[in-house]
Amino acid sequence: MHFYTRFAAFAAMTIISVASIMAQTTQKWGNTALRVAAAAAVRQDSRTASADSIDAVQAEATAVSIMEMPRISVADSLLSDSAAVASVGYIPVATIPNYYFVPAIFDTYRMLDADSLSSVDPLADIPAAGWLMRANAVDTHMQRAKQAYMLKCPESVQYNVAWLPEPPKKFEVVIDPKTQVIDIHEVKVDPMAGADLVAEKIDERHWMHQFSGNIQFSQAYVSPNWYQGGNNNLNIIAHAIWNVKLNQNYHPKLLFDTTIQYKLGMNSAPDDSLRNYSISEDLFQINSTFGVKAAKRWFYSLTFQFKTQLLNSYTSNTRTLRAAFLSPADLNVGVGMTYNYSKKNFTFDASISPLAYNMKICTDRSMDVTAYGIKPGHKTVSQYGSTAELKMRWAIAYNIIWQSRVFFFTDYSYIQADWENTLSFEINRFLTTQIYCHARYDSSTPRTEGDHTWRKFMLKEILSFGFAYKFSTI
């Protein structure tokens with residue numbers, strides 16, 4: 001009977017002690033929860049108040065979390081939310097320092113290593129890992145958990161380090177390998193560091209220049225005893241283009257685009273007894289467009305075009321001049337509207353000029369001026385009508401570019417149209433292959449003797465390979 005009396009007294013004391021401990025713990029956590037909740041409420045109401053109130057709430061919440069939270073495990077605190085557990089993956093469930101469990105405070109986004117959180121303990125295969133390695137592993141996992149939690153649960157992140165009245169303290173750890181002493185010291189942060197930096201001034205580029213030049217060639221050799229016969233042949237084509245544009249980023253209401261180009265094609269002439277070469281193409285051309293913005297992508301515009309050739313060209317085996325400088329030449333000026341569309345890999349311009357002036361020129365009196373619609377004894381003829389010009393540039397791939405141009409003029413009794421296409425294949429920076437096709441229609445062209453197939457329609461096609469060089473300020 002005496003034994004049972006002592007056992008009952010001991011059980012009663014044990015129950016009273018456990019109840020007292022639980023009551024103290026409950027009260028402690030209750031006070032903590034009330035203070036944190038009060039701090040959060042004050043912070044919620046202080047969004048329209050002064051910055052001093054916000055700093056006070058942050059300091060209060062931080063102090064409460066650090067001073068009053070007991071040492072507990074990750075599974076009982078940060079990862080008590082099932083959504084957070086699913087978002088961060090594995091974290092070593094161990095008793096770790098309290099400062100990991102302060103309310104989520106955003107400071108910056110870190111580029112962590114590529115190792116993702118997994119369900120495998122990274123130190124499982126290192127039984128002899130020291131305390132420093134284990135602490136580093138725990139810190140790494142906690143940093144990943146913190147960042148994953150902030151990214152996937154941003155509504156739960158109530159604090160931002162940028163709101164603090166002064167920058168947080170930073171510490172640096174230095175290990176002396178000789179004395180094996182770890183020195184931890186504070187790194188002073190100057191809040192005014194970088195305040196006197198001045199942004200570098202960037203020069204405004206109002207004019208954009210682009211130049212491209214290439215030399216294309218083709219060659220054929222036929223031995224004298226070739227069973228089908230034939231002649232040796234060498235063709236060379238040189239082409240240079242310079243384009244100037246007004247930068248619309250600084251001048252959105254203006255349009256200015258000018259292109260100057262020169263193309264020269266020469267080939268050997270074994271059948272010509274007077275010359276060793278002949279000129280297959282000689283073109284100097286200037287195209288310019290000036291506009292003032294009228295609506296989205298539409299401009300009131302003035303277009304200008306001038307073209308001629310620079311060298312003399314002769315009919316084979318004769319001294320008859322076929323073409324020369326300003327013989328012939330075309331000058332065209334039009335007033336109308338221009339549509340301008342530009343993207344990274346595609347540009348398109350369309351100019352329509354209901355009112356246009358066209359002048360044909362032939363200054364060499366040894367040539368038949370009537371072939372160009374000029375009256376005998378005159379050097380020029382003026383025509384009034386309408387023009388249209390379409391230009392397109394499409395980068396199909398990084399090394400394939402298609403450029404096309406259509407020009408049309410009519411004085412309502414005469415029609416002239418040109419359609420030029422160039423398809424460029426860039427092998428590398430200096431080597432390129434081109435396919436050039438130029439179709440032309442001229443209603444004033446006389447019939448060719450002995451050939452009634454083409455009539456007023458003309459076509460030129462060239463496939464070439466050669467060297468190219470480009471530079472641009474765009």
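Model, not experiment: these values are computed from the prediction.

It is worth spelling out the overall build of the protein chain at this point. Each helix and strand in the protein chain was counted, giving four helices and 18 strands. Per-residue burial for the protein chain yields a buried fraction of 30% across its 474 residues. In the protein chain, 57% of the contacts between residues at least 6 apart in sequence involve partners at least 24 apart.

Turning to the sheet that holds strand S6 (residues 233-246), a few remarks are in order. By way of backbone hydrogen bonds, the strands of a sheet pair with one another, either parallel or antiparallel. What the 12 strands build is a closed barrel, ordered S5-S6-S7-S8-S9-S12-S13-S14-S15-S16-S17-S18; its pairing is antiparallel. Neighbour-to-neighbour, the strand axes of the sheet open up by a mean angle of 20°, direction not taken into account. In this sheet, strand S7 (residues 254-268) lies alongside S6 in antiparallel orientation, the contact comprising 11 bridges. Along S7, the bridge assignment pairs Asn243 with Thr259.

Before going further, it helps to spend a moment on the confidence of the model for the protein chain. Considering every residue of the protein chain, the mean pLDDT works out to 76; 70% of them sit at 70 or more. When pLDDT is averaged over each element of the protein chain, strand S9 (residues 298-308) comes out on top at 96 and helix H2 (residues 51-68) at the bottom at 41. Confidence drops under pLDDT 50 across residues 1-12; counting only partners more than four residues distant or on other chains, this segment forms zero contacts. Scored below 50 in pLDDT, residues 116-120 shows 10 contacts in the model against residues more than four places distant or in partner chains.

With 14 bridges joining them, strand S5 (residues 207-220) and S6 adopt antiparallel strand pairing. Counterpart to Gln210 in the pairing with S6 is Asn243.

To continue, consider a positive patch on the surface. A cluster of like positive charges, contributed by Lys253, Lys293, Lys296 and Lys343, occupies part of the molecular surface. Tracing the backbone shows Lys343 in the loop between strand S12 (329-342) and strand S13 (346-361).

Membership of the largest hydrophobic core is limited to seven residues, which are Leu321, Ala324, Cys362, Met367, Val369, Ile374 and Val381. Setting aside anything within four residues of it in sequence, one finds Met367 in contact with Leu321, Arg322, Ala323, Ser327, Cys362 and Tyr372.

Turning to the pairing of strand S14 (residues 380-397), a few remarks are in order. Of the strand pairs in this sheet, S13 and S14 are connected by 14 bridges, and their pairing is antiparallel. Of the residues in S14, the one forming a bridge with Tyr357 is Tyr384.

Under the counting rule described, the total for this entry stands at nine aromatic pairs. Considering the side-chain rings of Tyr357 and Tyr384, the 5.2 Å spacing of their centres and the 50° angle between planes classify their relative orientation as tilted. Placement of Tyr357 in strand S13 and of Tyr384 in strand S14 is noted, with a sequence separation of 27 residues between them. Through a chain of ring-to-ring contacts, three or more aromatic side chains come together here, namely Phe217, Phe465 and Phe467.

Attention shifts here to the pattern of salt bridges. Once the charged atoms of two side chains with opposite charge are near each other, the side chains can pair. Applying the stated criterion across every chain, the model contains eight salt bridges. The partner of Arg440 in a salt bridge is Asp418, with the nearest N and O atoms 3.0 Å apart. Here the residue Arg440 occupies a position in strand S17 (residues 431-442), and Asp418 occupies one in strand S16 (residues 415-426), the gap between them amounting to 22 residues. Assessed through its relative accessible area of 2%, Asp418 is described here as buried. Between Asp442 and Arg440 there is a salt bridge, and its shortest N-O distance comes to 3.5 Å. Within this structure, Lys307, Asp418, Arg440 and Asp442 form a network of salt bridges that share partners.

The subject of this paragraph is the side chain of Thr308. Relative to the elements of secondary structure, Thr308 occurs in strand S9. Among the residues examined, Thr308 registers a relative accessible area of 5% and is labelled buried. Within the local environment of Thr308, its side chain forms a polar contact with the backbone nitrogen of Leu326, the two atoms lying 2.9 Å apart. For Thr308, the residues in contact, after removing those within four places along its chain, are Asp282, Leu283, Phe284, Ala324, Phe325, Leu326, Ser327, Pro328 and Ala329.

Each value, and the rule that gives it
Residues numbered from 1 in each chain as written. Predicted model: local features only at pLDDT ≥ 70, side-chain atom pairs only at ≥ 80, totals over all residues. Heavy atoms only, no water. Helix = DSSP H or I, 4+ residues; strand = E, 2+ residues; numbered from the N terminus. Buried < 20%, exposed > 50% of the residue type's maximum accessible area, 1.4 Å probe, protein only. Contact = heavy atoms within 4.5 Å. Pairing = 2+ DSSP bridges. Axes fitted to C-alpha atoms, helices over the stretch in contact; angles between N-to-C directions. pLDDT = per-residue confidence, 0-100. Patch = residues over 30% accessible without salt bridge, like charges linked within 9 Å, V, L, I, M, F, W, Y side chains within 5 Å. Areas by Shrake-Rupley, 256 points an atom, 1.4 Å probe, with all protein chains shown as cover. Salt bridge = Lys/Arg side-chain N within 4 Å of Asp/Glu carboxyl O. Lys, Arg positive; Asp, Glu negative; His and termini not counted. Charge placed at Lys NZ, Arg CZ, Asp CG, Glu CD. Core = buried A, V, L, I, M, F, W, Y, C linked by side-chain atoms within 4.5 Å. Phe/Tyr/Trp six-rings, centres within 6.5 Å; stacked < 30°, edge-to-face > 60°. Polar contact = N/O pair within 3.5 Å; in protein donor to acceptor, adjacent residues only side chain to side chain.

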